[in-house]
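What follows is each chain in one-letter form.
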Amino acid sequence: MTSILIIAQHEDGTLNPATAKTLSGALQVGAEAIDIAVFAEPGSVVAGQAAKLDGVRRVVAVEDAAFKHPTAARLAPEIAALATDYSHVFGPSTTFGKDLMPRAAALLGVNQVSDIQQVIDARTFKRPIYAGNAIVTVRVPDEAIVVATIRSASFAAAPEGGDAAEIDARPAAAEDPGHTRYVRLESGGGDGPDLQTADRVVSGGRALGSAENFQLIYGFAEKMGAAVGASRAAVDAGYVPNELQVGQTGKIIAPELYFAIGISGAIQHLTGIKDAGTIVAINKDAEAPIFEIADYGLVGDLFDVIPELEKLV
Amino acid sequence: MKILVPIKRVVDYNVRVRVKSDGSGVETEGVKMSINPFDEIALEEALRIKEAGKAEEVIVCSIGSKDCQQQLRTGLAMGADRALHVLTDDEVQPLAAARALLKLVEKEDPKIVFLGKQAIDDDCNQTGQMLAALWQRPQATFASKVDLDGEIATVTREVDAGLETLEVDLPAVLTSDLRLNEPRFVKLPDIMKAKRKPLEEIALAELGVDAGPALETTAFEPPPKRAGGRMLESVQELVDELKNKGLL
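Residues numbered from 1 in each chain as written. Chains lettered and ligands numbered in written order. Predicted model: local features only at pLDDT ≥ 70, side-chain atom pairs only at ≥ 80, totals over all residues. Heavy atoms only, no water.

Engineer: Please provide a residue-by-residue account of the sheet that holds strand 1 (residues 2-6) of chain B, values included.
Structural biologist: The strand order 13(A)-9(B)-8(B)-7(B)-10(B)-6(B)-1(B)-4(B)-5(B)-11(B) describes an open sheet built from 10 strands, whose pairing is mixed. For this open sheet the edge positions go to strand 13 (180-186) of chain A together with strand 11 (199-203) of chain B, each flanked by a neighbour on one side alone. Sheet twist, expressed as the mean angle between neighbouring strand axes with direction ignored, is 30°. Here strand 13 of chain A pairs with strand 9 (residues 162-169) of chain B via six bridges, running antiparallel. Within strand 9 of chain B, the residue paired with A:Arg184 across the bridge is B:Thr165. Where helix 3 (residues 94-108) of chain B meets the sheet, its contacts fall on strand 1, strand 4 (57-64), strand 5 (82-87), strand 6 (112-116) and strand 11 of chain B, and the angle it forms with strand 4 of chain B comes to roughly 150°. (Pairing = 2+ DSSP bridges. Helix = DSSP H or I, 4+ residues; strand = E, 2+ residues; numbered from the N terminus. Axes fitted to C-alpha atoms, helices over the stretch in contact; angles between N-to-C directions. Contact = heavy atoms within 4.5 Å.)

Engineer: Tell me about the domain arrangement of chain A, and name the residues and values.
Structural biologist: Residue and element names in this part refer to chain A. Partitioning chain A into domains gives domain 1 (3-171) and domain 2 (200-312). Centre-to-centre, using C-alpha coordinates, domain 1 lies 31 Å away from domain 2. Contact residues are listed per partner, giving six residues for domain 1 and eight residues for domain 2. Interface of domain 1 and domain 2: buried area, both sides summed, is about 530 Å²; carbon and sulfur atoms make up 46% of it. A per-residue breakdown of the area domain 1 buries against domain 2 is headed by Ala131, Arg151 and Ala153, which together make up 75% of the total. (Domains from an automatic or database assignment. Buried area = accessible area lost by both parts, 1.4 Å probe.)

Engineer: Would you mind going over the environment of B:Asp210 in detail, with residue names and values included?
Structural biologist: Residues and elements named next belong to chain B. In this fold, Asp210 is placed in the loop between strand 11 and strand 12 (216-221). Along the primary structure Asp210 and Ala100 are separated by 110 residues, whereas in three dimensions their C-alpha atoms are 8.9 Å apart. Among the polar contacts listed, one links the side chain of Asp210 to the backbone nitrogen of Gly212, at a separation of 2.8 Å. (Polar contact = N/O pair within 3.5 Å; in protein donor to acceptor, adjacent residues only side chain to side chain.)

Engineer: Explain the packing of aromatic side chains to me, using residue names and the numbers behind them.
Structural biologist: The geometry of an aromatic ring pair is captured by the separation of the ring centres together with the interplanar angle, meaning the angle of the planes. Residues and elements named next belong to chain A. Applying the stated rule across the entire model yields four aromatic pairs over all chains. Arranged with centres 6.4 Å apart and planes meeting at 80°, the rings of Phe90 and Phe125 form a pair that is edge-to-face. Of the two residues, Phe90 is situated in strand 6 (residues 88-92) and Phe125 in strand 9 (residues 124-129); the sequence distance between them amounts to 35 residues. A relative accessible area of 0% means that Phe90 is categorised as buried. Between Phe214 and Tyr218, the ring centres sit 5.9 Å apart and the planes meet at 65°, which makes this aromatic pair edge-to-face. On the accessibility criterion, Phe214 (0% relative accessible area) is buried. Given a relative accessible area of 24%, Tyr218 falls into the partly exposed group. (Phe/Tyr/Trp six-rings, centres within 6.5 Å; stacked < 30°, edge-to-face > 60°. Buried < 20%, exposed > 50% of the residue type's maximum accessible area, 1.4 Å probe, protein only.)

Engineer: I'd like to hear about the interface of chain A and chain B, residue by residue, with values.
Structural biologist: Residue-level contacts link 84 residues of chain A with 79 residues of chain B. Area buried by chain A at its contact with chain B is led by A:Asn111, A:Tyr130 and A:Tyr296, which between them contribute 12% of it. As a salt-bridge pair, B:Glu221 and A:Lys126 come within 2.7 Å of each other at their nearest N and O atoms. Summed over the shared surface of chain A and chain B, the number is 48 residue pairs in polar contact (both at pLDDT 80 or more). Looking at which element gives the most residues to the side of chain A that touches chain B, the answer is helix 4 (residues 95-107) of chain A, with eight residues. Here the residues of the side of chain A that touches chain B sort into 40 nonpolar, 22 polar and 22 charged. (Salt bridge = Lys/Arg side-chain N within 4 Å of Asp/Glu carboxyl O. Nonpolar A, V, L, I, M, F, W, Y, C, P; charged D, E, K, R; others polar.)

Below you can see the structure in the form of structure tokens.
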């Protein structure tokens with residue numbers, strides 16, 4: 001029987017949207033049952049949120065005070081213990097899933113299928129290699145449990161709906177090894193929408209010239225209700241914090257509408273946005289590679305174009 | 001203390017990789033090969049730890065064909081003290097790599113194994129986490145800052161939400177992210193000196209590693225091309241187009 005366990009990601013008592021996207025990937029496998037494992041501190045409401053997602057049979061809620069800031073070292077043995085009841089274990093291809101899932105895969109004695117972008121059948125998947133310059137089809141051998149991460153940008157979030165799934169509460173199976181301790185999380189990204197999941201993203205590049213000038217991007221993004229992103233060049237130049245980087249080495253995103261402003265379009269940036277719905281590029285240089293993939297291109301000085309655009313939207 | 005730095009030989013970062021026309025793989029004939037850039041950053045950090053007087057020895061290792069010795073020599077020229085080469089001509093997937101590295105860990109007893117967060121060829125991002133699991137030791141992945149204080153490493157990690165700090169007891173597995181450091185350039189005298197540094201060959205078969213169930217790659221294809229759009233003349237035209245598409 002094909003049955004899938006999804007590892008939920010959550011922060012501050014809220015289910016991360018990457019979980020519903022992972023569920024979308026799981027729904028394409030054609031499994032008889034899909035369950036979601038939620039590792040959370042006692043009293044968390046996240047299991048209830050996961051239970052509302054359409055197509056979920058059961059939520060396995062494992063509660064422990066240590067799960068407020070869970071580490072891969074703590075969670076991987078829990079996943080390995082639950083996994084014996086399933087043919088597949090899926091996690092999101094976020095930094096949470098990328099850190100955690102291979103550790104669980106090793107305990108289960110299998111290789112992981114990283115970054116699934118398309119499900120062919122229950123054991124066959126497509127995934128990108130060489131920064132997206134090639135796509136491979138890989139097959140997991142019949143005897144092995146399928147452990148995989150699902151590329152969030154390739155799947156729409158599964159909706160809520162129907163009756164809530166049952167919640168099966170369980171105590172933790174493993175002891176805290178004690179050798180890995182959470183200290184803190186610093187977030188410099190501001191209050192706007194989350195870059196990874198936003199419908200609209202406005203990104204700025206090196207052409208902004210300074211952190212002060214980058215405020216132009218923040219202002220336009222706020223007007224648009226969009227998340228702010230940046231090219232690697234803008235991050236390297238210190239205009240914005242690292243976590244705003246869009247591209248192969250930063251975040252891979254798929255908003256409905258993407259503005260690339262003052263971004264020339266290096267291959268590693270393009271890899272991060274090629275699943276976007278509509279790409280708008282604004283650049284002074286008519287030869288910039290970004291125009292080759294943009295749906296709409298406008299050649300002009302961003303310092304003239306953005307204020308004008310802000311007035312018209 | 002010892003630091004073990006596994007490095008992978010990959011197609012150089014600047015090469016635009018193309019899928020072969022018959023779909024049997026990617027074109028690697030005659031292209032420049034280098035140390036995986038994330039591994040190079042890991043090696044640089046290990047060398048800086050040693051130069052700060054917090055480690056006695058940096059050992060580079062690699063798993064693969066005879067050609068990997070070029071990258072091991074580069075690692076030695078950067079400043080590693082000696083090299084271990086696990087020799088095999090077979091494809092090595094992350095689980096087999098982690099199991100082989102565990103054998104080297106048992107042999108060398110390092111306090112830190114420092115890897116790149118992922119290789120830029122298969123983009124798997126698995127080996128470090130797997131080694132930590134098999135070794136039953138902490139992992140701090142995607143590191144952008146590492147502070148060592150005795151038997152404890154405080155590691156700042158690049159995560160989606162910002163910067164997370166973990167404190168781990170050594171021995172531990174660390175993996176580097178892009179902004180941990182900028183690796184040094186190798187100088188000619190160091191390349192000459194590296195030729196005399198010890199490089200030990202070990203056949204993968206001798207390590208007695210079970211590769212586990214391997215993923216089978218059945219097809220390679222180029223990525224779907226995004227059709228280019230059109231150039232507009234004015235901001236007004238752009239706004240009209242976006243409104244027509246229901247995007248504004």
